[in-house]
Amino acid sequence: MKKYNQVWIRQMLFVCCAVLVGTLSFPSLTHAADTYKYTSEKYGYTIECPQKPVGVIPLSAVSSEENGDVLIFENDGYNIKKAWIISVDAFKDADVPDLDKISDADRDLLFKKLLSSGYEYAKLVPIDGKNALYTATAGTDKQIKTYIRGTNNRYAAVLVEHPDLTKKSIDAYQKGLISFREVENGTK
């Protein structure tokens, strides 16, 4: 279960910006009242964002081990200030078992394992008709990460915000999670 630190995010943005120079602009965000429905046909999901991302870059552009999208909502040059990372094939069955079939004892063991490995919070939440694992990391590099088992894929949705997570961003992320849906034609 990978945590994304600010150095990694900066490196990711730098590499992707170098590749996408001239095709993406990164203007400052304004706070729009409406939401924006983002659909990834390639990876088979849709999610309601708090506003249209200022840029979307492929996660695979910086990590050959991962696939998915980085939805950038706010940046300062090459520094990402706020983003959602949606990765696919994000976890192994051994790490996150089927949460709809997990026993109370196994759930408690999973939570205990997570809490002893750097997470400060773990809870099961309903997303797209199934149980998902909602977690928050501890320490200086705080993130919220949710593990979602779809029919065709295993997703992770990560809220990244620097320098600190804000209540407004956490609320928007949670609203986005509630809207998360798997769609047809996504790759495995």
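This is a predicted model, so every value here is computed, not measured.

Another aspect to go through is the environment of L59. Note on placement: L59 falls in the loop between β3 (55-58) and β4 (67-76). We classify L59 as buried; its relative accessible area is 0%. Here the alpha-carbon distance between L59 and I86, two residues 27 residues apart in the chain, equals 8.3 Å.

Further remarks concern the pairing of strand β2 (residues 45-49). The buried fraction of β2 is high, at four of five residues. Pairing of strand β1 (residues 36-40) with β2 involves five bridges; the strand directions are antiparallel. The residue bridging Y38 from the neighbouring strand is I47, located in β2. Relative to strand β10 (residues 181-182), β2 is paired through two bridges, and the arrangement is antiparallel. Residue Y45 lies in a different strand from β10, and its bridge partner there is E182.

So, on to empty space enclosed by the protein. In this structure the tally under the stated criterion is one cavity of 30 Å³ or more. Quantified by volume, the largest cavity comes out at close to 40 Å³. Lining the largest cavity are F91, V96, P97, D98, L99, D100, K130, N131 and R149. In the lining of the largest cavity, the residues fall into four nonpolar, one polar and four charged.

A few words now on the sheet that holds β3. With antiparallel pairing, seven strands are arranged side by side in an open sheet as β3-β4-β5-β9-β8-β7-β6. Every interior strand has two partners, whereas the edge strands, β3 and β6 (119-127), have only one. Along the sheet, successive strands turn relative to each other by an average axial angle of 20°, direction set aside. Of the pairings in the sheet, the one linking strand β5 (residues 79-88) to strand β9 (residues 154-161) comprises six bridges and is antiparallel in character.

Scoring rules and cut-offs
Residues numbered from 1 in each chain as written. Predicted model: local features only at pLDDT ≥ 70, side-chain atom pairs only at ≥ 80, totals over all residues. Heavy atoms only, no water. Helix = DSSP H or I, 4+ residues; strand = E, 2+ residues; numbered from the N terminus. Buried < 20%, exposed > 50% of the residue type's maximum accessible area, 1.4 Å probe, protein only. Pairing = 2+ DSSP bridges. 1 Å grid on protein atoms, 1.4 Å probe; cavity = no way out; pocket = protein on both sides within 12 Å on 5 of 7 lines; lining within 4 Å. Points joined across faces, edges and corners; volume = space filled by probe spheres on them. Nonpolar A, V, L, I, M, F, W, Y, C, P; charged D, E, K, R; others polar. Axes fitted to C-alpha atoms, helices over the stretch in contact; angles between N-to-C directions.

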